[in-house]
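Per-entry structural report
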Amino acid sequence: MRFGISPNMLNFKAGDTVDIAVTVDKNVYMGIVKVSIIAKDIKFSSVDDDKVIFQNKLYEKIKRGEKLDAVSALQAVPSRDLIGRVYKQIKKSSVWQWDTETLDYRIGDDGERLSAVMIALDVLEELELIEKDSNENTIKLINTDKKTDLENSRILSNLKQMI
């Protein structure tokens, strides 16, 4: 439960279309009746929950090293463009402090490529372009002048071999 949080602590911004599940209750205090509205859940409207669940399970399979069928492997391989969009979105915020589902939404996806977004983050971390801090739940860019070739990613190479 959160009280009095500032808008910048939410992963939503003005103009986002969201679905909110709320409970409405009557609150009586010293004879004064007020309506109490409590948000139970909030999510981006365009995100497909079934796709998100499927993509999370696919990513977990990859992380456990399970064998994938070619279609699933292909779905999880991030394109150069997708990796670039992920990198640019993180760069835009200087420090990414929200979940990967929000990152997926911000780059224009509805959950269909969430596993590829998570793989893209793993690749960017492997190539020392970002730093993930699981304690703070943040992602930061690593300042570097060196050129990086995505073909040097062991993660991408292993995933592409499954196709």
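Above this text is the structure in question.
Throughout what follows, the structure given in this document is the object of discussion. Just so it is clear, the structure is predicted and the values come from calculations on it, not from any experiment. (Residues numbered from 1 in each chain as written. Predicted model: local features only at pLDDT ≥ 70, side-chain atom pairs only at ≥ 80, totals over all residues. Heavy atoms only, no water.)

Digging into the overall build of the chain
Cut-off, in case you're wondering: Starting at the N terminus, helices and strands are each numbered in turn, a helix being any DSSP run of H or I of at least four residues and a strand any DSSP run of E of at least two. Computation of the radius of gyration draws on C-alpha atoms, with the globule rule given as 2.2 Å multiplied by the number of residues to the power 0.38. The rule is simple: take the accessible area with a 1.4 Å probe, protein chains only, and divide by the maximum for that residue type; under 20% is buried, over 50% is exposed, in between is partly exposed. Any pair of residues with heavy atoms lying within 4.5 Å of one another is described as a contacting pair. Accessible areas in this description were obtained via Shrake-Rupley with a 1.4 Å probe; residue shielding takes into account the shown protein chains only. Two residue types count as positive, namely Lys and Arg, and two as negative, namely Asp and Glu; His and chain ends fall outside the count. To locate a charge, take atom NZ for lysine, CZ for arginine, CG for aspartate or CD for glutamate.
The secondary structure content of the chain amounts to six helices and five strands. Along the chain, helices and strands appear, N-terminal first, in the series β-β-α-α-α-β-α-α-β-β-α. Relative to its length of 163 residues, the chain is extended, with a C-alpha radius of gyration of 19 Å against a globular reference of 15 Å. Overall, the C-alpha framework of the chain stretches about 70 × 40 × 30 Å when taken along its three principal axes. Expressed as a percentage of the 163 residues in the chain, the buried residues total 31%. Considering only residue pairs separated by 6 or more positions, the chain has 59% of its internal contacts joining residues 24 or more positions apart. Total accessible area computed for the chain in this model is approximately 10900 Å², and 51% of it derives from carbon and sulfur atoms. Charged side chains of the chain number 25 positive and 27 negative; the gap between the two group centres comes to 2 Å.

Regarding unusual backbone geometry
Backbone phi values are negative for most residues with the exception of glycine, while trans is the configuration of most peptide bonds. For M30, which is not a glycine, the phi torsion comes out positive at approximately 50°. Residue position: M30 is located in the loop between strand 1 (18-29) and strand 2 (32-44). Not every positive phi belongs to a glycine, and S94 is a case in point at roughly 65°. Looking at the secondary structure, you find S94 in the loop between helix 3 (80-93) and strand 3 (95-96).

Observations concerning the pairing of strand 5 (residues 138-141)
The test is simple: Any two strands with at least two DSSP-identified bridges between them are counted as paired.
Two elements, strand 3 and strand 5, share two bridges in a ladder whose sense is antiparallel. Bridging from a neighbouring strand, W96 pairs with I139 of strand 5. Here strand 4 (residues 130-133) pairs with strand 5 via four bridges, running antiparallel. Within strand 5, the position partnered with I130 by the bridge is L141. In this structure, the hairpin formed by strand 4 and strand 5 is closed by a connection of four residues, where N137 is found at a positive phi of approximately 55°.

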